[in-house]
Amino acid sequence: MKDTAAFAKLVKESPEPITVTKNGYSEFVVMRSEDYDMMREEVAKARLVRVLADADNAYEQGEYVEGATFIAAMREQYGL
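Because the structure is a prediction, the values reported are computed rather than measured.

What counts, and at which threshold
Within any chain, residue numbers begin from 1 and follow the written order of that chain's sequence. For a predicted model such as this one, the threshold for reporting local features is a pLDDT of at least 70, and the threshold for listing and counting side-chain atom pairs is 80 or more; totals across whole chains, interfaces and linings nevertheless cover every residue. With hydrogens and water excluded, all non-hydrogen atoms of the structure serve as input to the side-chain values. Secondary structure follows DSSP: runs of H or I at least 4 residues long count as helices, runs of E at least 2 residues long count as strands, and numbering of each begins at the N terminus. When accessible area is computed with a 1.4 Å probe and restricted to protein chains, residues below 20% of their type maximum are described as buried, those above 50% as exposed, and intermediate ones as partly exposed. Each accessible area value is a Shrake-Rupley result obtained with a 1.4 Å probe; residue values ignore everything except the protein chains displayed when judging cover. For this count, His and the chain ends are skipped, Lys and Arg are scored as positive, and Asp and Glu as negative. Each charge is placed at NZ for Lys, CZ for Arg, CG for Asp and CD for Glu. A side-chain nitrogen of Lys or Arg and a carboxyl oxygen of Asp or Glu constitute a salt bridge if their distance falls within 4 Å.

Tell me about the overall build of the chain, residues and numbers included.
Helix and strand counts for the chain come out as three helices and two strands. In the chain, the succession of helices and strands from N to C terminus is α-β-β-α-α. Expressed as lengths along the three principal axes of its C-alpha atoms, the size of the chain is roughly 65 × 30 × 25 Å. Classification of the 80 residues of the chain by burial places 8% in the buried group. Summed over its atoms, the accessible surface of the chain is roughly 7300 Å², and 56% of this surface lies on carbon and sulfur atoms. Distance between charge centres in the chain, computed from 10 positive and 15 negative side chains, equals 11 Å.

Written as C-alpha cells, this is what we have:
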C-alpha cells in the first residue's frame, strides 16, 4: 500500500467496512473505529439477551436455587 492517506479517507467515508484482498482472497476487513465500537456493543447486548433468556427458561422449569440457600451452600463448601 503506497497511499495510506487515500486508504484512510476511503475507510472514513465508506458507509460499510472495507474488505482488503490478497491474490483475490479476503485478507482482512477495515472499518471506522466508531462502527467497530457500535458492533461490539451490539454483540454484547445480544449475548446478554441470550443469557437472560436462558435464565428465564431455567426459572420457568424450576431450575434455580433461592439466594439464601445458594449463599449458605457456598459458605459451607468453601468454609466462609
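Please give an account of the pattern of salt bridges that cites residues and values.
Under the definition given, this model contains three salt bridges. The closest approach of N and O atoms between Arg32 and Asp35, which form a salt bridge, is 2.7 Å. We note a salt bridge from Lys45 to Glu42, for which the minimum N-O separation is 3.6 Å. Within this pair, Lys45 and its partner Glu42 are both found in helix 2 (residues 33-60), separated by three residues, close to a single helical turn.

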